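# Coordinate analysis (summary)
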Amino acid sequence: MTIISDLINLNLSDVTDKVIAEYVWIGGSGLDLRSKARTLPGPVNDPSKLPKWNYDGSSTGQAPGQDSEVILCPQAIFRDPFRRGDNILVMCDAYTPAGEPIPTNKRHGAAQIFNNPEVAAEEPWYGIEQEYTLMQKEVNWPVGWPVGGYPGPQGPYYCGVGADKAFARDVVDSHYKACLYAGINISGVNGEVMPAQWEFQVGPAVGITAGDQLWIARYILERITEVAGVRLSLDPKPVTGDWNGAGAHTNYSTKSMRNDGGYEVIKTAIEKLGKRHSEHIAAYGEGNERRLTGKHETANIKTFLWGVANRGASVRVGRDTEKEGKGYFEDRRPASNMDPYVVTSMIAETTILWKP
Amino acid sequence: MSLLSDLINLNLSESGTKKIIAEYIWIGGSGMDIRSKARTISGPVSDPSKLPKWNYDGSSTGQAPGEDSEVILYPQAIFKDPFRRGENILVICDAYTPAGEPIPTNKRHNAAKIFSHPDVASEEPWYGIEQEYTLLQKDINWPVGWPIGGYPGPQGPYYCGIGADKAYGRDIVDAHYKACIYAGINISGINGEVMPGQWEFQVGPSVGISAGDEVWAARYILERITEIAGVVVSFDPKPIQGDWNGAGAHTNYSTKSMRNDGGYEVIKKAIEKLKLKHKDHIAAYGEGNERRLTGKHETADIHTFSWGVANRGASVRVGRDTEKNGKGYFEDRRPASNMDPYVVTSMIAETTILWKP
């Protein structure tokens, strides 16, 4: 297929200033990503200079057929690792023609929280550990697992190497470089405890950008699995039994937590999270009750508990933070299918704005 | 899948970033399983002491309990990453508790202490390690190229052999050779071994602790390559029962005194000391070695210590050149392919330089 790759890899800047912008948005399920592309007359690096656009919301469960236009507002630009050159990916959120955010638009509410002066002053940082499972395309079974059977039990796979331990590393490694190229602040990758399960981390990212970067990283990942012929699953418990689930542990700190005396601020924040445990859990991803069992390095969904270096807790504080008296903490409750706009803004709202 | 290779091979510096990817590598709970994960670093680094310490979930590798799971990684040696290329790096690490104590499976720490001892350091111990290994088909535990449910013709044609009926998996071996040279590992050669599907590479000469770092980095690169090739690498010292060779990690060794005039006498004294500590060495030379050191298939029996010039049936072999020149090095043929090079290299130095019988 060399002719097709030659065409896909054509460097258009040899012949024109035009660039291609891929507008990306979240569909009606709250987890399905959609995108379409348009030509622009020249390079753009400021989202406010990009035109608004629209799409057929009746085809994504987001509008009725007789009034189907949903408006796309460009919010963040990333370099396109697939088209390269000056071509871009554009993270958008969705509005009615009247200018109201549609119900599945969680970014709008999050942006309002992050713009609140008290929140903005605290410069909330996020580091999100996105776990995911790669599934075979035609069969609902993880990549590398024998069809009709199971691999050997968990143990050798975490950060493992070798054809019998690491499945589909090429997806993971191409995703890593593609995200760095795109300008996403991807800080690392590792093989996870269940075979065919992997993790990447995005952060530290400030405020609303954490959500933008994670959604674009998910988009790039699903585009890569499309090329590789495997399926991406963000289900929090893809295989029942003695197999780990998939989470999106969210690491968090504010300016006060990062400064001297921060450990007390952290403890107060964790107390507040404990008081709103049910509300957070309700917003932390569908199906999380199948994952948060108290086993497989999780805390039971009904209980809130925190501890230093404790991977069986709802919230974990690192030893470094305890030792230095300042730092950050890890909310281990969010499921892999959580919406980062919802989770990041809710953590900020509860810990900074909410008074118990 | 050219799109996937285009992405894997992206040269990030073209996008204007100085960021690099560092793959931190460590040894897991079995003492033989290699683990790794990657992180982004803000710019190129060539000095391990400038890399941040990191940590991992020791409860997932049998190295810590769940309620206190953090194990700390200390970067010790940097190699260029042959998979990601550019300024990206592989980092060999060893593992510590949060309190700063080496965890029980951390054999590097003690080896480094031995190599830092002034008596040892002044002798500049050199090592050349001959790592043998076997390539196995992925879903069954049978060597690559062997018929399933049967055996290839007996040993004879395979050692350094060529041809589709004699050399199995050469693309892995050759890719590994260049990848290691690229990485900065002092890989000195390769050859096909006596058993079909078995190969050998040599690392050295390396001084002191770097011998262990280089062998572990070479093993990591080998397992990454077999992962891509869809075969399994085995370091088992006797992968197939019967009239088939085992796999060893012969360790060639010399000190400054052995390399200088009069060195042959120093060598003979060192070998005498090794003989007196035969049992202690054997206990540390790899699990399952008793299946390999039978006295047949170019090994010496595990219970006996013997040495000789040009004798491949001995525990220790001295080359004819060394005998002729009156100085040089010798080969400890006892270590198994699954030995820990930190343990073996430091133990040989300790016994021959520090230990007084």
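Residues numbered from 1 in each chain as written. Chains lettered and ligands numbered in written order. Predicted model: local features only at pLDDT ≥ 70, side-chain atom pairs only at ≥ 80, totals over all residues. Heavy atoms only, no water.

An unreviewed UniProt entry annotates chain B as Glutamine synthetase of Arachis hypogaea. Here is the UniProt Sequence similarities (unreviewed entry) comment for chain B, exactly as written: "Belongs to the glutamine synthetase family." In UniProt, chain B has this text filed under Subcellular location (unreviewed entry): "Cytoplasm". (UniProt positions renumbered as here; feature names shortened; annotations may be inferred.)

## Overview of the overall build of chain A
Across its full length, chain A holds ten helices and 13 strands. Radius of gyration (C-alpha) of chain A: 21 Å, near the 21 Å computed for a compact globule of 356 residues. On the principal axes, the C-alpha backbone points of chain A span a range of 60 × 55 × 40 Å. Within the span of chain A, comprising 356 residues, buried residues form 58% of the whole. Of the contacts made within chain A by residues no fewer than 6 positions apart, 65% connect residues no fewer than 24 positions apart. (Helix = DSSP H or I, 4+ residues; strand = E, 2+ residues; numbered from the N terminus. Rg over C-alpha atoms; globule rule 2.2 N^0.38 Å. Buried < 20%, exposed > 50% of the residue type's maximum accessible area, 1.4 Å probe, protein only. Contact = heavy atoms within 4.5 Å.)

## Structural notes on the overall build of chain B
In terms of helices and strands, chain B carries ten helices and 13 strands. In summary, chain B has a C-alpha radius of gyration of 21 Å against a globular reference of 21 Å for 357 residues, a match within 12%. Expressed as lengths along the three principal axes of its C-alpha atoms, the size of chain B is roughly 60 × 55 × 40 Å. Taking all 357 residues of chain B together, the buried fraction comes to 57%. Sequence separation of at least 24 residues holds for 64% of the intrachain contacts in chain B that already meet a minimum separation of 6. Carbon together with sulfur atoms contributes 52% to the accessible area of chain B, which is approximately 14600 Å² in total. For chain B, the distance from the average position of its 39 positive side-chain charges to the average position of its 44 negative side-chain charges is 3 Å. (Areas by Shrake-Rupley, 256 points an atom, 1.4 Å probe, with all protein chains shown as cover. Lys, Arg positive; Asp, Glu negative; His and termini not counted. Charge placed at Lys NZ, Arg CZ, Asp CG, Glu CD.)

## Some thoughts on the layout of surface pockets
Residues and elements named next belong to chain B. Each pocket or cavity is described by its volume, and for the second largest pocket that value is around 640 Å³. In terms of lining residues, the second largest pocket is bounded by 36 residues, among which Glu130, His250, Asn252, Arg317 and Glu331 are the most central. Of all the secondary-structure elements, those providing two or more residues to the lining of the second largest pocket are strand 6 (126-137), strand 7 (187-192), strand 8 (198-207), strand 10 (249-254) and strand 12 (316-318). Per-class residue counts for the lining of the second largest pocket are ten nonpolar, 15 polar and eleven charged. (1 Å grid on protein atoms, 1.4 Å probe; cavity = no way out; pocket = protein on both sides within 12 Å on 5 of 7 lines; lining within 4 Å. Points joined across faces, edges and corners; volume = space filled by probe spheres on them. Nonpolar A, V, L, I, M, F, W, Y, C, P; charged D, E, K, R; others polar.)

## What about the side chain of B:Ser337?
As for its placement among the helices and strands, B:Ser337 is situated in the loop between strand 13 (330-332) and helix 10 (341-354). Those residues in contact with B:Ser337, other than ones at most four positions away along the chain, are B:Met32, B:Gln131, B:Glu132, B:Arg219, B:Phe235, B:Asp236, B:Pro237, B:Ala247, B:Gly248 and B:Ala249.

## A short note on the nonpolar core
Counting 82 residues, the largest nonpolar core has A:Tyr132, A:Ile184, A:Phe200, A:Ile220 and A:Phe329 as the members making the most contacts within it. If sequence neighbours within four positions are ignored, A:Phe329 has contacts with A:Thr250, A:Asn251, A:Tyr252, A:Met257, A:Ile266, A:Ala269, A:Ile270, A:Leu273, A:Val315, A:Arg316 and A:Val317. Listed in part, the 67 residues of the second largest apolar core include B:Cys180, B:Ile221, B:Trp244 and B:Tyr285. (Core = buried A, V, L, I, M, F, W, Y, C linked by side-chain atoms within 4.5 Å.)

## Some points on the interface of chain B and chain A
With 45 residues of chain B in contact, the opposing surface of chain A contributes 46 residues. For the chain B and chain A pair, buried surface summed over both sides reaches about 3900 Å², with 55% attributable to carbon and sulfur atoms. On the chain B side of the contact with chain A, B:Leu3, B:Leu7 and B:Glu227 bury the most area, a combined 16% of that side's loss. Taken together, the connections running from chain B to chain A amount to seven salt bridges. (Buried area = accessible area lost by both parts, 1.4 Å probe. Salt bridge = Lys/Arg side-chain N within 4 Å of Asp/Glu carboxyl O.)

## Structural notes on the pattern of salt bridges
Counted under the stated rule, the structure contains 36 salt bridges over all chains. Between B:Arg224 and A:Asp173 there is a salt bridge, with the nearest N and O atoms lying 3.4 Å from each other. Of the two residues, B:Arg224 sits in helix 5 (residues 209-229) while A:Asp173 sits in helix 4 (residues 169-182), which places them in two different chains. For the pair B:Arg224 and A:Asp173, a shared accessibility class is recorded, and that class is buried. Of the charged contacts, one joins A:Lys326 and A:Asp260 as a salt bridge, the two residues approaching to 3.0 Å between their closest N and O atoms. One end of the pair, A:Lys326, is in the loop between helix 9 (319-324) and strand 13 (329-331); the other, A:Asp260, is in the loop between helix 6 (255-258) and helix 7 (262-275), with 66 residues separating them in the sequence. Judged by relative accessible area, which is 27%, A:Lys326 ranks as partly exposed. By relative accessible area, A:Asp260 is classed as exposed at 67%. In the salt-bridge network here, residues are joined through shared partners; they are A:Asp173, B:Glu23, B:Asp81, B:Arg84 and B:Arg224.

## Some points on the UniProt feature "domain: GS beta-grasp" (unreviewed entry) in chain B
Summarizing the sequence annotation, UniProt attributes the feature "domain: GS beta-grasp" (unreviewed entry) to residues 20-100 of chain B in the numbering used throughout. Secondary structure over residues 20-100 of chain B splits into 0% helix and 48% strand, and the C-alpha atoms at its two ends are 28 Å apart.

## What about the domain arrangement of chain B?
Residues and elements named next belong to chain B. In terms of domain boundaries, chain B breaks down into domain 1 (4-105) and domain 2 (118-354). Each of domain 1 and domain 2 was reduced to a C-alpha centroid, and the two centroids are 27 Å apart. With 17 residues of domain 1 at the contact, the number on the domain 2 side is 19 residues. Both faces considered, domain 1 and domain 2 share a buried interface measuring about 1600 Å² in area, 76% of it formed by carbon and sulfur atoms. Considering only the side of domain 1, the residues that lose the most area to domain 2 are Met32, Phe79 and Phe83, jointly responsible for 37% of the buried surface there. Summed over the shared surface of domain 1 and domain 2, the number is zero salt bridges. The interface formed by domain 1 and domain 2 contains two residue pairs in polar contact (both at pLDDT 80 or more). Those elements that place two or more of their residues in the side of domain 1 that touches domain 2 are strand 1 (20-27), strand 2 (34-41), strand 4 (70-80) and strand 5 (89-96). (Domains from an automatic or database assignment. Polar contact = N/O pair within 3.5 Å; in protein donor to acceptor, adjacent residues only side chain to side chain.)

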